[in-house]
Amino acid sequence: MTKKRIAVIGAGISGLGAIKCCLDEDLEPTCFERNDDIGGLWKFQKNPSEKMPSIYKSVTINTSKEMMCFSDFPIPDHFPNYMHNTKLMDYFRMYAKHFGLLNYICFKTKVCSVRKRPDFSNSGQWDVVVEMNEKQETLVFDGILVCSGHHTDPYLPLHSFPGIEKFEGCYFHSREYKSPEDFVGKRIIVVGIGNSGVDIAVELSRVAKQVFLSTRRGSWILHRVWENGYPMDSSFFTRFNSFLQKILTTSLINNYLEKILNSRFNHSHYGLQPKHRLLSQHPTVSDDLPNHIISGRVHVKPNVREFTERDVIFEDGTVEENVDVVVFATGYSFSFPFLDGLIEVANNEVSLYKLMFPPDLEKPTLAVIGLIQPLGIVLPIAELQSRWATRVFKGLSKLPSTKTMMANIAQRKRAMDKRYVKTARHTIQVDHIEYMDEIATLVGVKPNLLFLFLSDPKLAVEVFFGPCTPYQYRLQGPGKWAGARRAILTQRERIIKPLRTRIVSEDSHSASWLSWIKMATFGLAFLAAGSAYFRCIRHGERK
Ligand SMILES: *[C@@H]1O[C@H](CO)[C@@H](O)[C@H](O)[C@H]1NC(C)=O
Ligand SMILES: *[C@@H]1O[C@H](CO)[C@@H](O)[C@H](O)[C@H]1NC(C)=O
């Protein structure tokens, strides 16, 4: 039998993993990438072509290396926990080289359209029109993995900013911001408190005369360097915490986390306090923002009401005069122009089963990969999605009926609406471990904790209490990787290694004390969780 041919659209973090998964499942991938390099969003470009996301020079990723790596390819232990975009590109190149992925990528090739072939209901095949060197060509594929990402179209709602047309300073979308040199001594307003907005405000405030950070809602600000200096995500995303989250109420967890964040700096005093609870909005990650607010280099302001020729008037009536520059860090929306309306996007909302499959295709031969905004980490999620999609393409895993899929989609939407502030930003949210486990169950690779506790307690303890790293999904089932156990048991060493560039001799007493305290804390947490659980049950009974 000839191998099934799969088109992978895009060679960013989702596309690279998708190519590798095709190879693992003995499919024949061809990846089309419009750029001349891999990396997608993470490839820095001084002059990005139209309609592309683009990062600035200093961007450092906000997820840590043990949590964000490909599940069978740990990041070298000397790499920093949070990588600069150039380091990240080094890692992607190592991955692509190791698994020979470059052989399957056609660079500078744009996908113009993807259409069902006339016999689609039988064959499930697609006609894909690609353009290279201004020449178009039609190719036939048995399956499509759409890896074009969700940062596709810069979102710049100028109509919500009256007077911007007469404003005489300069203004632009954050994608055009590259570095601070041109902004020395300027008065600058950054609109938007997402990750780009905060990063850019902080960076500019080092050279600007004054930076104002304008936000409509405010935001909870997380920090990369978490308790005891561990990376935030590696402390946060553990199965133990996920278990607590299930048995405790959301408001209890909100209280706890908000208390931690407010103990670093009171969000209310710093003008950042949002109306909503922590888990109701996608948070922002910035270690530097409070430092720049306390030193007066960034002033937090409310939403802009109006622009005049030189001034900006805010919703609280305050005016900032002689503003030179406005940076709109208003984010991105996504679309799939090449899919010919096959996937409708309205207000950033899509109807996809498990956020991947259009529910109404006669044959399940097209999947969208990485179209998620996780309270978690995109790369391992996208990789796991590809592992499932390729198995669906091969018929090893089956999708339910259209009706069941539609019901599931509706249910996911209701859950999202219930939890999140209603904005275009919260349409593709998922919780990291919950969603990973959901997809892993479909692939057959969710770690079996009970079995682990009985057969390999040391590993089980790290899997349950330690960071929920991607290797956990390579311990068993299809795509099992022999190095997974070792990778999990050495993950903490790889976190510490790049930090300890000056070795300090250790005091063994305090170390053993620490572990005692840790165990006692776990015990207490368990008791607290248990009693809260029983209180809930009793409360339920009384009702
Ligand atoms: C934070 O500031 C608000 C408003 O001033 C105040 O009510 C609250 O008690 C403060 N929280 C802490 C922990 O200081
Ligand atoms: C981390 O950065 C990405 C951009 O790469 C952003 O989409 C995401 O929201 C950030 N994560 C958090 C928790 O803010």
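About the thresholds
- Residues numbered from 1 in each chain as written.
- Chains lettered and ligands numbered in written order.
- Predicted model: local features only at pLDDT ≥ 70, side-chain atom pairs only at ≥ 80, totals over all residues.
- Heavy atoms only, no water.
- UniProt positions renumbered as here; feature names shortened; annotations may be inferred.
- Helix = DSSP H or I, 4+ residues; strand = E, 2+ residues; numbered from the N terminus.
- Expected span 1.5 Å × (residues − 1).
- Buried < 20%, exposed > 50% of the residue type's maximum accessible area, 1.4 Å probe, protein only.
- Arc of directions from axis to C-beta.
- Contact = heavy atoms within 4.5 Å.
- Near = heavy atom within 4 Å.
- Polar contact = N/O pair within 3.5 Å; in protein donor to acceptor, adjacent residues only side chain to side chain.
- Areas by Shrake-Rupley, 256 points an atom, 1.4 Å probe, with all protein chains shown as cover.
- Nonpolar A, V, L, I, M, F, W, Y, C, P; charged D, E, K, R; others polar.
- Domains from an automatic or database assignment.
- Pairing = 2+ DSSP bridges.
- Axes fitted to C-alpha atoms, helices over the stretch in contact; angles between N-to-C directions.
- Right-handed = clockwise from strand over helix to strand, strands pointing away.
- Phe/Tyr/Trp six-rings, centres within 6.5 Å; stacked < 30°, edge-to-face > 60°.
- Lys NZ or Arg CZ within 6 Å of the ring centre and 35° of its normal.

- Where an unreviewed UniProt entry is consulted, the protein appears under the name Flavin-containing monooxygenase, with the organism given as Dipodomys ordii.
- Taken directly from UniProt, the Sequence similarities (unreviewed entry) text for the protein runs: "Belongs to the FMO family."

### Some thoughts on helix H11 (residues 402-419)
So, point 1. Taking 1.5 Å per residue as the helical rise, H11 with its 18 residues ought to reach 26 Å, and the 26 Å between its terminal C-alpha atoms agrees with that figure.
So, point 2. Within the sequence span of H11, burial applies to Met-405, Ile-409, Arg-412 and Met-416. Buried residues in H11, looked at end-on, bunch into an arc of 65 degrees, giving them a common side. Along H11, exposed side chains directed more than 90 degrees from the buried face belong to Lys-403, Arg-414 and Lys-418.
So, point 3. Each element contacted by the buried residues of H11 is listed here: strand E22 (429-431) and helix H12 (432-443).

### Some words on the site of ligand 2
So, point 1. Neighbouring residues of ligand 2: Trp-42, Asn-62, His-151, Asn-195, His-282, Pro-283, Val-285 and Gln-373.
So, point 2. Within the side chain of Asn-62, one N or O atom sits 2.4 Å away from an oxygen atom of ligand 2.
So, point 3. Considered on its own, ligand 2 offers 360 Å² of accessible surface; in the complex 77% of this is hidden by protein.
So, point 4. Here the residues of the shell around ligand 2 sort into three nonpolar, five polar and no charged.
So, point 5. Built from parts of two domains, the shell around ligand 2 gets at least three residues from each of domain 1 (5-152 + 333-443) and domain 2 (156-330).

### Notes on the sheet that holds strand E5 (residues 126-132)
So, point 1. Judged by pairing direction, the sheet is antiparallel, and its three strands sit side by side in the order E4-E5-E6 without closing on themselves. The sheet is open, and its two borders are formed by strand E4 (109-116) and strand E6 (135-141), each paired with just one other strand. This sheet shows a mean twist of 25 degrees between the axes of neighbouring strands, independent of strand direction.

### As for the pairing of strand E11 (residues 210-214)
So, point 1. Within E11, five of the five residues are buried, which leaves it mostly tucked inside the rest of the structure.
So, point 2. Residues Gln-210, Phe-212 and Ser-214 of E11 are buried on one face, and the alternating residues Val-211 and Leu-213, pointing to the opposite face, are buried as well.
So, point 3. Bridge count between strand E10 (residues 187-191) and E11: five bridges; the pairing is parallel. Bridge assignment links Ile-188 to a residue of E11, and that residue is Val-211.
So, point 4. Considered for its hand, the β-α-β crossover made up of E10, helix H5 (residues 195-205) and E11 is right-handed.
So, point 5. Summarising the sheet, E11 and strand E14 (residues 298-301) pair through four bridges and their orientation is parallel.

### A few points about the environment of Thr-284
So, point 1. By secondary structure assignment, the location of Thr-284 is in strand E13 (residues 284-285).
So, point 2. Considering only alpha carbons, one finds Thr-284 and Thr-501, 217 residues apart in sequence, at a separation of 29 Å.
So, point 3. Within the structure, the side chain of Thr-284 is placed 2.7 Å from the backbone oxygen of Ile-193, a separation counted as a polar contact.

### Here we look at the packing of aromatic side chains
So, point 1. Under the counting rule described, the total for this entry stands at 28 aromatic pairs.
So, point 2. Among the aromatic residues, ring-to-ring pairing joins Phe-70, Phe-73, Tyr-91, Phe-92, Tyr-95 and Phe-99 into one connected group.
So, point 3. The aromatic ring of Tyr-82 is capped on one face by Arg-224, whose charged end is 5.6 Å from the ring centroid.

### Considerations on unusual backbone geometry
So, point 1. Residues other than glycine seldom take positive phi values, yet Asp-26 does so here, at roughly 65 degrees.
So, point 2. One can find Asp-26 in the loop between helix H1 (13-24) and strand E2 (28-32).
So, point 3. A relative accessible area of 46% means that Asp-26 is categorised as partly exposed.
So, point 4. In this model, Asn-228 sits at a positive phi of 60 degrees, which is unusual for a non-glycine residue.
So, point 5. On the secondary structure map, Asn-228 appears in the loop between strand E12 (221-222) and helix H6 (232-236).

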